[in-house]
Amino acid sequence: MITLMGKKVSEGIAIGKISFFKRTTKEVKQIYVKDVEKEITRLQRAKERAIQELKSLYNEAAAEVGEANAVAFEIQQKVVNDDDFNRMVTSIILESKLNAEYAVMEGTKSFIEEGLTAEKGYISGHEIDVKDVSTRLINILSRNWRDKLLIDEPFVLAANELYPSETMQFEQGKALGFITRYGTINSHTAILARTKGIPAIIGLGDALKDDYAGKTVIVDGFEGKIYIEPDYSTLTKMQFKQDSNLAVTQNLERLKGKENVTQSGQRIDVCANIGGKEDIESVLRSDAGGIGLFRTEFIYMNRGKNMPSEEEQYKIYKNAAEAMGTQPVVLRTADFGDDKPIDFVSGNDQVETFGYRGVRISLDKEEMFLTQLKAMLRASAHGNVSIIFPMITSLEEIAKMKSLVKKAMDMLDYEKQDYNKEIRLGAMIETPAAVMISSEMARELDFFSIGTNDLTQFTLAVSRNNEKAAKYYDQKHPALLKMIRIVTNNVHLEGKKISICGDLAAELDMTEFFIKIGIDELSVTPPQVLALRKKIREIQ
Ligand code: PEP
Ligand code: MG
């Protein structure tokens, strides 16, 4: 048995086989699949996606180099829909029970070798395009880590580090836990693991060897320890710990439907933070009082330069609003940048670009921002929706945000679309500047939420993603607690409400303090909601 120590990121016990995540897999593996229907569906989705990408490539190329030169992308779309091509690919999946990536690779070879390209007028002399579209399909199929791993059994995902966009794709039930060599506990990757309730440990360093792939591991997310090839007594002990944890979670279920009220009658709202539509179900299960923070930037990730349209976003936000009924849904406008880069903005430069984030990017990308605002406003016709702006540092930014909201409303009026004209607008308090001008801000906006994750990094001069300085990242530093108290008073003096949606909100040794200073709402990950309710109800 090998025991390794890392940093705990998300609590819980996971027991399973280690599977290493590799970001770039050039080689297409031949994998036997039990569920051929699933492979056919994957292939179908990849084809739809390829058509979408090829259409936009055609339009881009036609505009830049003329229609005659864009024709390759038209031919490639025809290949995707070609009956013979599809017959060859699907027969490999159905008859040989092999994975879609491999079937596309082999099907393409046969398609070319059997001379079909020569027979078909439209692709004659365009073999290169057949190969190109085949690579596109394979890439789409393997863009998703689930598909790269392609194992049926649940597993513990191991990696050097994971990007937030990759963590976003965790399929609950299949990825039992995650362990990484590097990373920091307050990165967005870590937050997402907590949101999804997946036990996770980071910072295991090079002691986490590639050779451990396929070996059984126990992830103890409570202690930050992993046990590779555990001995019998450790396995039994950990299984017991896993069962007791499950019992604790089940025991919390009895608190569903109960109020978040202390013994002496003080109330505080408890809401949930989410990163995508797939988290809504766990919010409903958690019995949270609403969605206190919807990190919408994740909707933009994993899709290259292909931005989500107004319609696509509208459906996602509307679905959240309708799912929550009369309960509040706080939609945060996209907070890209730092460890959440998107291709559309400026490639990976954003990772290194300190401070180029949140509303700063929104103001530079007005068209993209208006698209998002319109989608959010339209969703407000279907529930209790409000909008919050991230990374605000000045009153000028607030004025600009308000004028852009007005512009989006004018556009919707012109298009005769419904929305809530009285929609509430708020700001994240996550920079020291915002703390210092919180009184003035409270006169301009309807509500506020303290983002302690960023407020900590900007106050204590320590990046959330810097492993070396991680020990200085102290969310309970007296300076932070003082700031929280000051902001709360300033906002209350203007008769407005304030919540905390940073990770500090879930620290149960802070709950009493938050209630004492009058915080109106705490917003935590869905798996943390009931434990927080229990804590509140125990407080005198
Ligand atoms: C925060 O900074 O505390 C916050 C809630 O926002 P994010 O973690 O998404 O930066
Ligand atoms: Mg933040």
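Residues numbered from 1 in each chain as written. Chains lettered and ligands numbered in written order. Predicted model: local features only at pLDDT ≥ 70, side-chain atom pairs only at ≥ 80, totals over all residues. Heavy atoms only, no water.

**A closer look at the overall build of the protein**
Working step 1: Helix and strand counts for the protein stand at 23 helices and 16 strands.
Working step 2: Dimensions of the protein, computed from C-alpha atoms along their principal axes, come out at roughly 80 × 70 × 40 Å.
Working step 3: A buried classification covers 53% of the 540 residues belonging to the protein.
Working step 4: The long-range fraction of contacts in the protein, counting pairs at least 24 apart against all pairs at least 6 apart in sequence, stands at 68%.
Working step 5: Of the accessible surface of the protein, which amounts to about 24,300 Å², a share of 49% is contributed by carbon and sulfur atoms. (Helix = DSSP H or I, 4+ residues; strand = E, 2+ residues; numbered from the N terminus. Buried < 20%, exposed > 50% of the residue type's maximum accessible area, 1.4 Å probe, protein only. Contact = heavy atoms within 4.5 Å. Areas by Shrake-Rupley, 256 points an atom, 1.4 Å probe, with all protein chains shown as cover.)

**A word on the nonpolar core**
Working step 1: Formed by 87 residues in total, the largest nonpolar core has its most connected members in Phe-389 and Ile-519.
Working step 2: Considering every element that reaches this core, the biggest residue donor is helix H16 (residues 366-379), with eight residues.
Working step 3: When neighbours within four sequence positions are excluded, Phe-389 is seen to be in contact with Thr-333, Val-359, Phe-369, Leu-373, Met-401, Val-405, Leu-425, Gly-426, Ala-427 and Met-428.
Working step 4: The next biggest cluster of nonpolar side chains, apart from the first, holds 34 residues, and it includes Leu-43, Val-79, Ala-100 and Ile-140. (Core = buried A, V, L, I, M, F, W, Y, C linked by side-chain atoms within 4.5 Å.)

**Comments concerning the sheet that holds strand S12 (residues 384-389)**
Working step 1: With parallel pairing, eight strands are arranged side by side around a closed barrel as S9-S10-S11-S12-S13-S14-S15-S16. Each strand axis lies, on average, 30 degrees off the axis of its neighbour in the sheet, ignoring direction.
Working step 2: Relative to strand S14 (residues 447-450), strand S13 (residues 424-429) runs parallel, the two being bridged by four bridges. Residue pairing for S14: Met-428 is matched across the bridge by Ser-449.
Working step 3: Against the sheet, helix H21 (residues 478-493) makes contact with S13, S14 and strand S15 (497-500), and its axis sits at roughly 155 degrees relative to S15, the strand it touches most. (Pairing = 2+ DSSP bridges. Axes fitted to C-alpha atoms, helices over the stretch in contact; angles between N-to-C directions.)

**Description of helix H12 (residues 310-324)**
Working step 1: With 15 residues, H12 extends 21 Å from end C-alpha to end C-alpha; this agrees with the ideal 21 Å at 1.5 Å per step.
Working step 2: Buried within H12 we find Glu-310, Gln-313, Tyr-314, Ile-316, Tyr-317, Ala-320, Ala-321 and Met-324. All buried residues of H12 fall inside an arc of 165 degrees around its axis, so they share one side.
Working step 3: Of the residues trailing H12, Gly-325 is marked for its positive phi of about 60 degrees. (Expected span 1.5 Å × (residues − 1). Arc of directions from axis to C-beta.)

**Notes on the site of ligand 1**
Working step 1: Of all residues adjacent to ligand 1, which total 17 residues, the nearest are Arg-295, Arg-332, Gly-451, Asn-453 and Asp-454.
Working step 2: At a separation of 3.4 Å, an oxygen atom of ligand 1 approaches a polar side-chain atom of Arg-357.
Working step 3: Between ligand 1 and the protein, one listed contact pairs an oxygen atom with a backbone N or O atom of Thr-452 at 3.1 Å.
Working step 4: Protein contact buries 100% of the 290 Å² of open area that ligand 1 shows by itself.
Working step 5: Those elements giving two or more residues to the shell around ligand 1 turn out to be helix H9 (188-196), strand S10 (291-295) and helix H20 (452-460).
Working step 6: Of all the elements, H20 adds the most residues to the shell around ligand 1, at three residues.
Working step 7: Across the shell around ligand 1, the residue classes tally to four nonpolar, five polar and eight charged. (Near = heavy atom within 4 Å. Polar contact = N/O pair within 3.5 Å; in protein donor to acceptor, adjacent residues only side chain to side chain. Nonpolar A, V, L, I, M, F, W, Y, C, P; charged D, E, K, R; others polar.)

**Observations regarding the pattern of salt bridges**
Working step 1: As enumerated under the stated definition, the model contains 33 salt bridges in all.
Working step 2: Here Glu-494 and Arg-443 are joined by a salt bridge, their closest N and O atoms 3.3 Å apart. You can see Glu-494 sitting in the loop between H21 and S15 and its partner Arg-443 sitting in helix H19 (residues 438-444), a full 51 residues away along the chain.
Working step 3: Overall, Glu-494 belongs to the partly exposed group, its relative accessible area being 30%.
Working step 4: Note that Lys-476 and Glu-507 form a salt bridge whose closest N and O atoms lie 3.0 Å from each other. (Salt bridge = Lys/Arg side-chain N within 4 Å of Asp/Glu carboxyl O.)

**Some words on the packing of H16 against helix H17 (residues 395-414)**
Working step 1: In contact at an axis separation of 9 Å, H16 and H17 are set at 65 degrees when each is read in the N-to-C sense. Judged by the angle between their axes, H16 and H17 are roughly perpendicular. Between H16 and H17 lies a crossing whose hand is right-handed. Contact residues: Glu-366, Phe-369, Leu-370, Leu-373, Lys-374, Leu-377 and Arg-378 in H16; Met-401, Leu-404, Val-405, Lys-407, Ala-408, Met-409, Met-411 and Leu-412 in H17.
Working step 2: Of the residues assigned to the contact of H16 with H17, the class counts are eleven nonpolar, no polar and four charged. (Parallel < 35°, antiparallel > 145°, perpendicular 65-115°, else oblique. Left-handed = near helix turned anticlockwise from the far one by under 90°.)

**Points about the packing of aromatic side chains**
Working step 1: A full pass over the atoms with the stated rule returns four aromatic pairs.
Working step 2: With a centroid separation of 5.5 Å and 75 degrees between ring planes, the pair formed by Phe-85 and Phe-111 is classed as edge-to-face. Remark: Phe-111 occurs in helix H4 (residues 100-113) and Phe-85 occurs in helix H3 (residues 83-96); sequence separation between them is 26 residues. Taken as a pair, Phe-85 and Phe-111 share a single burial class, namely buried.
Working step 3: Aromatic pair Phe-294 and Tyr-317: ring centres 6.0 Å apart, planes at 90 degrees, arrangement edge-to-face. Taken as a pair, Phe-294 in strand S10 and Tyr-317 in helix H12 lie far apart in primary sequence, 23 residues in all. (Phe/Tyr/Trp six-rings, centres within 6.5 Å; stacked < 30°, edge-to-face > 60°.)

**Thoughts on the coordination of the magnesium ion (ligand 2)**
Working step 1: Around the magnesium ion (ligand 2), the protein contributes the donor atoms Glu-430 (OE) and Asp-454 (OD), at 2.0 to 2.1 Å from the metal centre. Separated by 24 residues along the polypeptide, Glu-430 in the loop between S13 and helix H18 (432-436) and Asp-454 in helix H20 bring together distant segments of the chain. Both residues of the pair, Glu-430 and Asp-454, belong to the buried class. (Donors = N, O, S within 2.8 Å, 3.2 Å for Na, K, Ca; no water.)

**Overview of the environment of Ile-429**
Working step 1: Of note, Ile-429 is situated in strand S13.
Working step 2: By relative accessible area, Ile-429 is classed as buried at 0%.
Working step 3: As a C-alpha pair, Ile-429 and Gly-451 span 22 residues in sequence and 5.8 Å in three-dimensional space.
Working step 4: Every residue in contact with Ile-429, bar those within four places of it in the chain, is listed here: Ala-434, Val-435, Met-441, Phe-448, Ser-449, Ile-450, Gly-451, Leu-455 and Val-487.

**Considerations on the confidence of the model for the protein**
Working step 1: Here the protein averages 89 in pLDDT, and 90% of its residues register 70 or above.
Working step 2: Across residues 145-150, confidence stays below pLDDT 50; counting only partners more than four residues off in sequence or on other chains, it has 28 contacts.
Working step 3: Ignoring residues within four places in sequence, the model shows residues 347-351, a span with pLDDT below 50, making 13 contacts including any to other chains. (pLDDT = per-residue confidence, 0-100.)

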